[in-house]
Amino acid sequence: TRHLKLQKHGNKLEGLDELKPIHTESEQKEHTMIVRFHLHPHVKITKIHEGVITLGLPSGNHWVFRANTEKPAAIEESIYSGEEGKPQRSTQILV
């Protein structure tokens, strides 16, 4: 489920994504999920503290990524191949 909220003046966007397994009551098992957010090479990320990451955009704007999970969000290397299929180093956030 995704919830998005744009502030009245349009200068702040808040979003919440929730992932829940679909099962019947008799199938209640623990599920491990990993979600990967692959970022464009021009986005610079900084981990502020456990579960909070800042995304710096080329425009100078910043987004804050928060993950309310048992394990803190992690930052890993990734590969971007969107411009003419030429691979470029990038990063990803793992939740």
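Please refer to the structure higher up on the page.
Residues numbered from 1 in each chain as written. Predicted model: local features only at pLDDT ≥ 70, side-chain atom pairs only at ≥ 80, totals over all residues. Heavy atoms only, no water.

Asks: Teacher, can you tell me more about the overall build of the protein chain here?
Replies: Within the protein chain one finds 0 helices and 8 strands. Mapped in sequence order, the helices and strands of the protein chain form the string β-β-β-β-β-β-β-β. Over its C-alpha trace the protein chain gives a radius of gyration of 16 Å, far above what one expects of a compact globule, namely 12 Å for 95 residues. The principal-axis extents of the C-alpha atoms in the protein chain amount to approximately 50 × 40 × 30 Å. Put simply, of all contacts in the protein chain between residues at least 6 apart along the chain, 31% involve residues at least 24 apart. Within the protein chain, the 12 negative side-chain charges are centred at a point lying 6 Å from the centre of the 13 positive side-chain charges. (Helix = DSSP H or I, 4+ residues; strand = E, 2+ residues; numbered from the N terminus. Rg over C-alpha atoms; globule rule 2.2 N^0.38 Å. Contact = heavy atoms within 4.5 Å. Lys, Arg positive; Asp, Glu negative; His and termini not counted. Charge placed at Lys NZ, Arg CZ, Asp CG, Glu CD.)

Asks: Honestly, the sheet that holds strand β5 (residues 52-56) in this entry has me stumped. Any pointers?
Replies: Two orientations exist for strands paired in a sheet by backbone hydrogen bonds: parallel and antiparallel. The 3 strands lie next to each other as β4-β5-β6, forming an open sheet whose pairing is antiparallel. Each end of this open sheet is capped by a strand with a single partner; those strands are β4 (44-49) and β6 (62-66). Pairwise comparison of adjacent strand axes, ignoring direction, gives a mean angle of 25° for this sheet. By the bridge criterion, 5 bridges tie β4 to β5 in an arrangement that is antiparallel. Looking at β5, one finds that K47 is bridged to I53. (Pairing = 2+ DSSP bridges. Axes fitted to C-alpha atoms, helices over the stretch in contact; angles between N-to-C directions.)

Asks: How should the pattern of salt bridges be read in this particular structure?
Replies: Two side chains carrying opposite charge are able to pair once their charged atoms lie near each other. Using the criterion set out here, one finds 5 salt bridges in the structure. Two residues, E14 and K12, come together in a salt bridge whose shortest N-O distance is 3.5 Å. Judged by its relative accessible area of 35%, E14 is partly exposed. (Salt bridge = Lys/Arg side-chain N within 4 Å of Asp/Glu carboxyl O. Buried < 20%, exposed > 50% of the residue type's maximum accessible area, 1.4 Å probe, protein only.)

Asks: Please clarify how the nonpolar core should be interpreted in this entry.
Replies: Among soluble globular proteins, nonpolar side chains are generally buried collectively. Of all hydrophobic cores here, the largest spans 9 residues; its members are L39, V43, I45, I53, L55, F65, A67, A73 and I93. Setting aside its immediate chain neighbours within four residues, F65 contacts F37, G51, V52, I53, A73, I93 and V95. (Core = buried A, V, L, I, M, F, W, Y, C linked by side-chain atoms within 4.5 Å.)

Asks: Can you help me understand the pairing of strand β8 (residues 88-94) in this one?
Replies: Each regular strand shows side chains that alternate between the opposite faces of the sheet. Pairing analysis gives 3 bridges linking strand β3 (residues 36-38) to β8, with the strands arranged antiparallel. For R36, the partnering residue across the bridge sits in β8 and is L94. Sheet analysis places strand β7 (residues 74-80) next to β8, joined by 7 bridges and oriented antiparallel. Among the inter-strand pairings, E76 is bridged to a residue of β8, identified as Q92.

Asks: Would you take a moment to explain the pairing of β5 for this structure?
Replies: The buried fraction of β5 is high, at 5 of 5 residues. The alternating pattern of β5 places V52, T54 and G56 on one face and I53 and L55 on the opposite face, and all of these are buried. In textbook terms, the turn of a hairpin is the stretch between consecutive antiparallel strands, and for β4 and β5 this stretch comprises 2 residues, one of which, G51, has a positive phi near 85°. In the sheet, β5 pairs with β6 via 5 bridges, with the strands oriented antiparallel. When the sheet's bridge partners are listed, V52 is paired in β6 with R66. Between β5 and the antiparallel strand that follows it, β6, lie 5 residues; G60 among them carries a positive phi value of about 100°.

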